[in-house]
Amino acid sequence: MNTQFIYPQNMRASATIWFWSLKHFAIIVVAALLSAITFATTRFFIPAIATAVYAFLCIRTEDVTILDFIKYAVRYFITSQQYFEWELKDKKRMKEGKAVEKQKE
């Protein structure tokens, strides 16, 4: 009996439905139901907006969500210090040349 199994390319990748991981999709569905119930009873639409924003921020492309991308951008541009070291090329070459001379000795 020849049985053929088809596996995904990346076995460590999380399971996804459309643009979301299963965990986020479940949260979005539950939040959407609660938002619909809230809107039907009280005409209060802010939970629906919050659910839509959460659904947008959890869109997953190439194992990175939009929320992760925003976190990385904030960390890079705002919270972490950027370190730059400026020196002349000739100084750097002289340092490398001295290191090479020491290794030869």
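Details of the structure are given in the entry above.
A short tour of the structure in this document, coming up. (Residues numbered from 1 in each chain as written. Predicted model: local features only at pLDDT ≥ 70, side-chain atom pairs only at ≥ 80, totals over all residues. Heavy atoms only, no water.)

## Regarding the environment of Asp63
One can find Asp63 in the loop between β3 (60-61) and β4 (64-65). Sequence separation between Asp63 and Ser21 is 42 residues; the distance between their C-alpha atoms is 9.5 Å. (Helix = DSSP H or I, 4+ residues; strand = E, 2+ residues; numbered from the N terminus.)

## Points about the packing of helix α1 (residues 22-42) against helix α2 (residues 46-57)
Relative to each other, α1 and α2 sit at 165°, their axes nearing to 8 Å. Taken together, the axis directions place α1 and α2 in an arrangement best described as roughly antiparallel. The element α1 and its partner α2 pack so that their crossing is left-handed. On the side of α1, the interface is formed by His24, Ile27, Ile28, Ala31, Ala32, Ser35 and Thr38, while α2 contributes Pro47, Ala48, Thr51, Tyr54 and Ala55. (Axes fitted to C-alpha atoms, helices over the stretch in contact; angles between N-to-C directions. Parallel < 35°, antiparallel > 145°, perpendicular 65-115°, else oblique. Left-handed = near helix turned anticlockwise from the far one by under 90°. Contact = heavy atoms within 4.5 Å.)

## Details of the nonpolar core
Membership of the largest hydrophobic core is limited to five residues, which are Trp20, Ile28, Ala55, Cys58 and Ile59. Setting aside chain neighbours within four positions, we find Ile28 in contact with Trp20, Thr51, Tyr54 and Ala55. (Core = buried A, V, L, I, M, F, W, Y, C linked by side-chain atoms within 4.5 Å. Buried < 20%, exposed > 50% of the residue type's maximum accessible area, 1.4 Å probe, protein only.)

## A short note on unusual backbone geometry
The residue Arg43 is not glycine, and still its phi comes out positive at about 60°. Considering the arrangement of structural elements, one finds Arg43 in the loop between α1 and α2. You can call Arg43 exposed: its relative accessible area is 61%.

## A few points about a nonpolar patch on the surface
On the surface, Phe39, Phe44, Phe45, Ile46, Ile49 and Val53 cluster together into a nonpolar patch covering about 570 Å² of accessible area. By residue number, the principal contributor to the nonpolar patch is α2, which donates three residues. With respect to the helices, strands and loops of the structure, Ile46 is situated in helix α2. (Patch = residues over 30% accessible without salt bridge, like charges linked within 9 Å, V, L, I, M, F, W, Y side chains within 5 Å. Areas by Shrake-Rupley, 256 points an atom, 1.4 Å probe, with all protein chains shown as cover. Salt bridge = Lys/Arg side-chain N within 4 Å of Asp/Glu carboxyl O.)

## Examining the packing of aromatic side chains
Following the criterion strictly, the structure yields two aromatic pairs and no others. Plain terms: the ring middles of Trp20 and Phe25 are 6.4 Å apart, the flat faces sit at 35° to each other, and that makes the pair tilted. Classification of Trp20 by relative accessible area gives buried; the value is 17%. Here Phe25 falls in the partly exposed class, since its relative accessible area comes to 22%. The ring of Phe39 carries the charged tip of Arg43 above its face, separated from the ring centre by 5.6 Å. (Phe/Tyr/Trp six-rings, centres within 6.5 Å; stacked < 30°, edge-to-face > 60°. Lys NZ or Arg CZ within 6 Å of the ring centre and 35° of its normal.)

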